[in-house]
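Residue-level structure breakdown
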Amino acid sequence: MPYRSAILAAIESLKDHETGSPISSIRRHILDDTEHNNSDDPSWNEVHFQKTLKTLVEKGDLLQINGINYKFSNQYLQRRV
């Protein structure tokens, strides 16, 4: 599963641009949007999901707010335009 694109698509769909999207909502959106109906599915890898979020923050694509919410950084939004 391409976690990076799934995470970015989930944040875009959730539209919590001011406060950021909670990690639980991002996870649920990805699981609902794919063939994986729950996090017990063997193709769902929580470690990769968490590492991808961390990498996106380190690269400056996402901002982590209050430890559990994520939103697009201004840098990412400018590159997207």
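Residues numbered from 1 in each chain as written. Predicted model: local features only at pLDDT ≥ 70, side-chain atom pairs only at ≥ 80, totals over all residues. Heavy atoms only, no water.

Examining the environment of His48
Convention followed: Counting from the N terminus, the helices are DSSP H or I runs at least four residues long and the strands are E runs at least two residues long. Only protein chains enter the accessibility calculation, which uses a 1.4 Å probe; a residue is then buried when its area is under 20% of its type maximum, exposed when over 50%, and partly exposed in between.
Its location among the elements puts His48 in helix α3 (residues 46–58). Since its relative accessible area comes to 42%, His48 is described here as partly exposed. It is 9.7 Å that separates the C-alpha atoms of His48 and Pro2, two residues lying 46 residues apart in sequence.

Observations concerning the packing of helix α1 (residues 3–14) against α3
Each packed pair of helices is defined by two parameters, the angle between the axes and the distance between the axes. This is how it is decided: Lines fitted to the C-alpha atoms define the axes, with helices restricted to the stretch that makes contact. Angles between their N-to-C directions range from 0 to 180 degrees. Small angles under 35 degrees read as roughly parallel and large ones over 145 as roughly antiparallel, with 65 to 115 read as roughly perpendicular and the rest as oblique. In what follows, a contact means two residues having at least one pair of non-hydrogen atoms within 4.5 Å. Side-chain classes are defined by residue name, with Ala, Val, Leu, Ile, Met, Phe, Trp, Tyr, Cys and Pro counting as nonpolar, Asp, Glu, Lys and Arg as charged, and the others, Gly among them, as polar.
Look at α1 against α3: their axes get within 9 Å of each other, and the N-to-C directions meet at 70°. With respect to α3, the element α1 is oriented roughly perpendicular. The residues of α3 that touch α1, namely those facing Tyr3, Arg4, Ile7 and Leu8, are His48, Phe49, Thr52, Leu53 and Leu56. By residue class, the composition of the contact of α1 with α3 is 6 nonpolar, 2 polar and 1 charged.

Quick look at the packing of α1 against helix α2 (residues 23–33)
As a packed pair, α1 and α2 sit with axes 9 Å apart at the nearest point and diverge in direction by 105°. By the angle class used here, α1 and α2 are roughly perpendicular. Along its contact with α1, which presents Ala6, Ile7, Ala10, Ile11, Ser13 and Leu14, the element α2 presents Ser25, Ile26, His29 and Ile30. Residues belonging to the contact of α1 with α2 are distributed by class as follows: 7 nonpolar, 3 polar and no charged.

Some remarks on the nonpolar core
What counts here: As used in this record, nonpolar core signifies buried Ala, Val, Leu, Ile, Met, Phe, Trp, Tyr and Cys residues forming a set joined through side-chain atoms within 4.5 Å.
The biggest cluster of nonpolar side chains holds 18 residues, and the ones touching the most others in it are Ile7, Ile26, Ile30, Phe49 and Leu62. Contributing elements (two or more residues each) for this core: α1, α2, α3 and β3 (69–72). The element contributing the most residues to this core is α1, with 6 residues. Setting aside residues up to four positions removed in sequence, Leu62 forms contacts with Ile7, Leu8, Ile11, Leu53, Leu56, Val57, Tyr70, Lys71, Phe72 and Ser73.

Regarding the sheet that holds β3
The condition is simple: If DSSP finds at least two bridges between two strands, the strands pair.
Ordered by their spatial adjacency, 3 strands build an open sheet running β1-β3-β2, and the pairing between neighbours is antiparallel. Each having just a single partner strand, β1 (21–22) and β2 (62–65) make up the two edges of the open sheet. Relative to β3, β1 runs antiparallel, the two sharing 2 bridges. For Ser21, the partnering residue across the bridge sits in β3 and is Tyr70.

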